[in-house]
Amino acid sequence: MSKTSTGTRRTYNQYCGLASALDVLGERWTLLIVRELLMGPRRYIDLLNDLPGLGTNLLAERLKSLVDRGVARQVHLPSGGARLAYELTEVGQELRPMVLGLAKWGMEFVGAYSPNEVVRPHWGFLAVEAMLDQERVPGFDEAYQFEVDDEIFHIDVRDGDARALKGPAESPAMIVRVDAATFIEIGAGQQTPLAAMVTGRLKMEGDIEAVLRCCELLGLEAGAMRPLSAAAGRE
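Residues numbered from 1 in each chain as written. Predicted model: local features only at pLDDT ≥ 70, side-chain atom pairs only at ≥ 80, totals over all residues. Heavy atoms only, no water.

Going by an unreviewed UniProt entry, the protein carries the name Transcriptional regulator and comes from Phytohabitans houttuyneae.

Novice: Even after reading the chapter, I still don't get the state of the cysteines, so can you show me in this structure?
Specialist: Structurally, a disulfide amounts to a covalent bond that connects the sulfur atoms of two cysteines. Under the counting rule described, the total for this entry stands at zero disulfides. No disulfide involves Cys-214; its sulfur sits 5.8 Å from the nearest other cysteine sulfur, which is in Cys-215. (Disulfide = S-S within 2.5 Å.)

Novice: When you look at the sheet that holds strand E8 (residues 174-178) in this model, what are you seeing that I'm missing?
Specialist: Read across the open sheet, the five strands follow the order E7-E6-E5-E8-E9; overall the sheet is mixed. Two strands close off the open sheet at either side, each with one partner strand: strand E7 (161-166) and strand E9 (202-206). With strand direction ignored, the average angle separating the axes of adjacent strands in the sheet is 15°. The pairing of E8 with E9 spans five bridges and is classified as antiparallel. The partner of Arg-177 across the bridge, within E9, is Lys-203. Sitting on the sheet, helix H7 (residues 123-131) is in contact with strand E6 (151-158) and E7, with an inclination near 175° to E7. (Pairing = 2+ DSSP bridges. Helix = DSSP H or I, 4+ residues; strand = E, 2+ residues; numbered from the N terminus. Axes fitted to C-alpha atoms, helices over the stretch in contact; angles between N-to-C directions. Contact = heavy atoms within 4.5 Å.)

Novice: Can you help me understand the pattern of salt bridges in this one?
Specialist: Enumeration according to the criterion identifies 21 salt bridges in this entry. In this structure, the salt-bridge partner of Asp-46 is Arg-43, at a minimum N-O distance of 3.1 Å. Note on Arg-43: relative accessible area 28%, which makes it partly exposed. The residue Arg-96 makes a salt bridge to Glu-129 at a minimum N-O spacing of 2.9 Å. Taken together, the positions of Arg-96 in helix H6 (residues 96-106) and Glu-129 in helix H7 put the pair 33 residues apart, joining distant regions of the chain. Comparing Arg-96 with Glu-129 shows no difference in burial state: the two are buried. Here the salt bridges do not stand alone but share partners, grouping Arg-35, Glu-36, Arg-42, Asp-50 and Arg-120 into one network. (Salt bridge = Lys/Arg side-chain N within 4 Å of Asp/Glu carboxyl O. Buried < 20%, exposed > 50% of the residue type's maximum accessible area, 1.4 Å probe, protein only.)

Novice: Looking at this model, I keep getting lost on the nonpolar core. Mind explaining?
Specialist: Looking at soluble globular proteins, one finds that nonpolar side chains tend to be buried together. In terms of nonpolar packing, the biggest core is built from 57 residues, with Tyr-144, Phe-146 and Ile-155 touching the most fellow members. Per element, the largest residue contribution to this core is six residues, and it comes from H7. The residue makeup of this core includes at least three contributed by each of domain 1 (17-95) and domain 2 (121-218). The contacts of Tyr-144, once residues within four sequence positions are left out, are Pro-138, Phe-153, His-154, Ile-155, Val-157, Met-174, Ala-210, Arg-213, Cys-214 and Leu-217. (Core = buried A, V, L, I, M, F, W, Y, C linked by side-chain atoms within 4.5 Å. Domains from an automatic or database assignment.)

Novice: Which parts of the structure should I look at to understand empty space enclosed by the protein?
Specialist: Rolled over the atoms, a probe sized like a water molecule indicates the empty space that remains. Under the criterion given, the structure shown has one cavity of 30 Å³ or more. Of the pockets and cavities examined, the largest cavity occupies roughly 170 Å³. For the lining of the largest cavity, the elements supplying multiple residues, two or more each, are H7, E8, helix H8 (180-187), E9 and helix H10 (208-217). Broken down by element, the residue count for the lining of the largest cavity peaks at three residues, all from H8. (1 Å grid on protein atoms, 1.4 Å probe; cavity = no way out; pocket = protein on both sides within 12 Å on 5 of 7 lines; lining within 4 Å. Points joined across faces, edges and corners; volume = space filled by probe spheres on them.)

Novice: What should I look at first to understand the packing of H7 against H8 in this one?
Specialist: The description of two packed helices rests on the angle between their axes and on the distance between the axes. Where H7 contacts H8, the axes come no closer than 10 Å and their chain directions differ by 20°. One element, H7, and the other, H8, form an angle in the roughly parallel class. As for the relative orientation of H7 and H8, their crossing is left-handed in sense. Contact residues: H7 offers Gly-124, Ala-127, Val-128 and Met-131, while H8 offers Phe-183, Ile-184 and Gly-187. (Parallel < 35°, antiparallel > 145°, perpendicular 65-115°, else oblique. Left-handed = near helix turned anticlockwise from the far one by under 90°.)

Below, the structure is given as structure tokens:
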């Protein structure tokens, strides 16, 4: 890559949509910042805390670049007019299906969890959103709730459509309680929900058939889940 006339921003100098996209997003840490902003407006300090290893100067540089390109913008949080945060613009929100698709594809390369690796519970929300298979939406209106460490979110199935939403469900047909690392391991196929339940790292309650429908929706093997769902139904 060569530098532009500004002397700081690099470009591939290729007349191509992919190269242009990489000019905007290809620098180290940029896509991970976008991942954080997909969760909604984030303060600078929150981004810094959830991206350990990213220095404050580099974060400021990456955010400035995203703002200059029209991918992100600064906003005032409703809780206080003086509290600035960053959020994705309409152009930035167009990255959502692409980032989720990349995250789902990347699950093939996730190895066993190491204590040296950072994991955040809100990443579980994006993992669930990435795993949703709209072709497997059950023919029932119901909700599946996930409590990942201190984060709560749910899948709302309604009128043949499934959406991942932040916050608790009104009347969930199924509730899963799990830590963030275990949740990612299950999504990556590193262990089964049944194994996680046996070791006490996952707790599940709710209607047996709802458990199986949720597994199908997320692309988990429903047959392998039947012993787990049966155990959940006896609780």
